[in-house]
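Below, each chain spelled out in residue letters.
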Amino acid sequence: MPHYPYITQGLLYPASEAKPIALDTADWFTWVEQHTAFTYQEPPFRFSARREERPGGQYWYAYRRMQGRLYKRYLGRTKDLTAAHMQKISQLLHMHPEHPVPQPVPLITTRFAIPRLLSEYVPRPRLLESLQRALERPCTLITGPAGSGKTTLMTQAGERLQKQGWRLAWLSLESSEQDVTRFWYYLLNAIERIVPGTAREALQALQMLPLPPVDELLMPLINALSKPQQPLLLVLDDYFLATTPEIDAGLLFLIQHMPDSLRLVVISRTKPAWPLTRLYVRGQLAEIEQTDLRFTKNEAAQFLQQTMRLHLTPTQVATLEAQTEGWVAGLQLAALSLRHQSDIDTYLHTFDEQNRSLHNRYIAAYLIDEVLNEQPPELQEFLLLTSVASRLCGPLCDAITGRSDGQRTLEKLETANLFIVALDQQWYRYHHLFADTLRERLAQQDSALLARSHERAARWFATQGETQDAIRHAQAAQAYPLAAALLEAEAELMLQRGETTTLLAWLHKLPHILLDDHPNLALASGLAQFITGEIEQASATLQRLEQAQLAEKAQQGKLATLQALILLIQEGTPQQAMEHSTMALQFLPAHQTIWRDIATLLHEAIDLLFRGSNEALQKLTALAHSSLRHGNYLIASFALENRSLKELGQGRLHQIERTCQEALRITPPNLISFTHWAYLHLGDLYREWNQPERARKMLETGLTLDRPYTYPEIVVDGYIALARVYEQLDEPRRADETIETAMSLLDRLAPHTAWQVQACRARILLVRGQHTEAKQWSEAYVASLKQAQPPFPLIEFSHFTLARIYMAQNNDTAAHTLLHTMLQTARELKRWRTVIEADLLLALLEQRHNQPEQAAHLLTEALDLAAPEGFIRLFLDEEQPLLDLLSHSLTARLLTSPTVVRYARKLLMLSSQEAPAPLPEALTERELEILQLLASGKSNDAIARALFLALSTVKWHIMNIYRKLAVSTRMQAVTRARELKLIDE
């Protein structure tokens, strides 16, 4: 039994007889201001919180004892104790502070190496001065085509800056970093290697939640670097290889919140999808572009003479500089070719004629061919064969070529300045442009030799334990049996690390027939498809697995888990899904963590939704966090959705909002379609709070998102809510169209949901006075109940519709019997929303039969339950009969509780207000969010901190709000917004 006071499921329980207090409310902050300790128990995490006196004030700390030792973390001041913040601290505290930060994959340390400069490089003082000035801004973007000298310039600048006291963190990116988890692990480790401890908390958070919201991930890093310290420069080289919309958005957040001690340089062939003009105007971005990087005539002459040791006349230098337009790689290639030309002027004239209209890429290909043809045959072979690898060392080259001179040849190439970059004392890489052209030439000459080189590289990397590099080469070689064997050993580790994007990309390249020989890989494939929402593909994978003979019990447990997912999500048969999840838990061994988590989540979600188990609710919340740690966003989102449904039945509207916002917060932008249900639940919530425009926007957004699965039950709830919103807004045509859309899904719905859709249509017809059609539905529905009686939570809406039809037909006895039964059941199940609605309808019946005291008694319970959560439409949708009951009960002083009286008056006031004219231009979601914070009394600075926005951005949004609402002050804006029902009262 927990010790009071304690927190669980978003509520504070102050004492055994005291009323629970919802977190993040005014009551919560008042309570915590007046007390000094409480216990936090949100499974699977817990801690004891204490307020302690420190120099400068009082601060809260979290304590947890693990394995006989007491661990401590700073919680913050009283104002910081939000539900989200305490959840985050509980997760971080759960990990021992002394533990090394776990990595998602073994780090390739050469990716952090600063490229070495050639001994005779061309100094570029004008660009170095430009770059020094650029570093006054948070981010510098260096862009240009391959071979334009971007990396060399930054290497020169880095050497200079280090002498000035700067710390330099370098990260060379590859296409594998398009997996966002890998990207942030490499970036954070690049910083952690240079400034130990700075990125530790961010790395721990990333390990716990494979893809946390970028603000939560980066804020500890930003805070750590905000302290006075030596400046740190972070260089991201070859960013174009890793860029994705999600990664772009994350770096944009870092730029907009850059501490003074950190500067970022991004080197790329292409420009990121950032608002570049806006960043430049705000002083957050500087650019060095292709035109800046071009060699001047003097720099070209110095490069050709000192670096390439080529002695040309000033006229020849000018000609070559004009032909290549100062392009560094073009000059280098031309110089390599010119070394073997006896008549330089004739060669330059021929080169100009052949390449006058060609792009740099084709000039490079031409020149590389020239350079290669001039090398000895054995060196040509070495270059071609080893070009398959993105990084090279002597033993790897020996494995690819079958020779033993790999290290000597690499050193020889470096001495000859033949487009090779030394990463450290052991590892090298070819210039990207050079390597691309070499691979193209090898593919044209001998595609079988290209594949054989890739396969040899794959086998070498496999022996070194670098499995992911081995897989990449095996797939490039189309050595699919080897790739499948390597991937089978790596697949579940990748799932646990949240690298589903990379895993599926590799799986899609494998022939399906290979999966038959690798059942564990096929099972991992099916699970990855579920996690990323590829439900149809997962179903096809499952069908193939069901035809196979899986001998191992663990494999049978995994198969049962996949079957449970299909049965619940695609076919909507929860009882069968429960049976399969139970079977899965019996077969799966304890170490199969990810599979057991999913099977347990399914089992508890079904138990919660259809049996109302509170224990299931606690397990579901705990396992949602577990799934997040494994990157299972679809399953975690599904768990939160079921928690939200349970909260709806309990009438906990504010908690529903928090649950939905939590789902939206934790879900990456590229997977936001997983949370379409959250938009739908929020829309129905705002409809209940009498904010129809806000509800409409949420519902329309949720219904237009591309949904990751075809299970239609959730979508139908959204259509029903939207139809009711349209009715409230007096748009009957759109309400009818919405219901017709839902009706078109009837053949794909479970029977109880199909009846619910038709019940919504019947309820709308009833309001419009079309009683005959409504009666026809009621007769068919009653007949269906004789054949099957679904669980109570699934038939509430239809039952309430039936009761209203009975009341419209003056069949009060039938209505009373039905509602009284529903009320008893709802109380037993603690479904307080249902209790409110049943109380209301029964009160109307009592009023109709001239029983005012009984009516007032029922109305009092309804109002008492509704007031804390803000139920409005349940009352106002009953229109005049309910308003008359409220008015009479107040006049006759039948309502005695102050809370009940105040809420009754509020409802009457709301019903008397005329609907204001709609806005000519709708407010955005961000503007609505800021408007709600304005209404709560927060200052511009507080809003900026709460939303992680710049103060100037908040002011800009507020000016837009004023313009759209046609007001000029905060008070006018809040008043107008409440008139329009855009925000809470």
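Residues numbered from 1 in each chain as written. Predicted model: local features only at pLDDT ≥ 70, side-chain atom pairs only at ≥ 80, totals over all residues. Heavy atoms only, no water.

A.B. asks: Tell me about the side chain of Glu192, residues and numbers included.
C.D. replies: Here Glu192 lies in helix H5 (residues 180-194). No salt bridge forms around the buried Glu192; measuring N to O, its nearest opposite-charge neighbour Arg200 is 5.3 Å away. From its side chain, Glu192 meets the backbone nitrogen of Arg200 in a polar contact 3.2 Å long. With residues near it in sequence (within four places) discarded, Glu192 still touches Gly197, Thr198, Ala199, Arg200 and Leu203. (Helix = DSSP H or I, 4+ residues; strand = E, 2+ residues; numbered from the N terminus. Buried < 20%, exposed > 50% of the residue type's maximum accessible area, 1.4 Å probe, protein only. Lys, Arg positive; Asp, Glu negative; His and termini not counted. Salt bridge = Lys/Arg side-chain N within 4 Å of Asp/Glu carboxyl O. Polar contact = N/O pair within 3.5 Å; in protein donor to acceptor, adjacent residues only side chain to side chain. Contact = heavy atoms within 4.5 Å.)

A.B. asks: Quick one: what's the story with the packing of aromatic side chains, residue by residue and with numbers?
C.D. replies: What the rule picks out here adds up to 16 aromatic pairs. When the ring of Trp31 is compared with that of Phe38, the centres are 6.5 Å apart and the planes differ by 65°; the resulting orientation is edge-to-face. Look at Trp31 and you get buried, because its relative accessible area is 9%. Owing to a relative accessible area of 3%, Phe38 belongs among the buried residues under this scheme. (Phe/Tyr/Trp six-rings, centres within 6.5 Å; stacked < 30°, edge-to-face > 60°.)

A.B. asks: Could you give an account of the nonpolar core, with specific residues and numbers?
C.D. replies: In terms of nonpolar packing, the biggest core is built from 95 residues, with Leu859, Leu863, Phe875 and Leu895 touching the most fellow members. Residue contributions to this core peak at 10 residues, all from helix H35 (residues 713-728). With sequence-adjacent residues up to four places away left out, Leu863 is seen in contact with Phe875, Leu886, Leu895, Val900, Tyr903, Ala904 and Leu907. One finds Cys393, Ile471, Leu523 and Ala616 within the second-largest nonpolar core, a separate group that totals 93 residues. (Core = buried A, V, L, I, M, F, W, Y, C linked by side-chain atoms within 4.5 Å.)

A.B. asks: Lay out unusual backbone geometry with the relevant residues and their values.
C.D. replies: At Asp238, a residue that is not glycine, the phi angle is positive and equals roughly 60°. Its location among the elements puts Asp238 in the loop between strand E10 (232-237) and helix H8 (245-256). At Asn850, a residue that is not glycine, the phi angle is positive and equals roughly 60°. Here Asn850 lies in the loop between helix H41 (832-848) and helix H42 (852-866). Classification of Asn850 as exposed rests on a relative accessible area of 63%.

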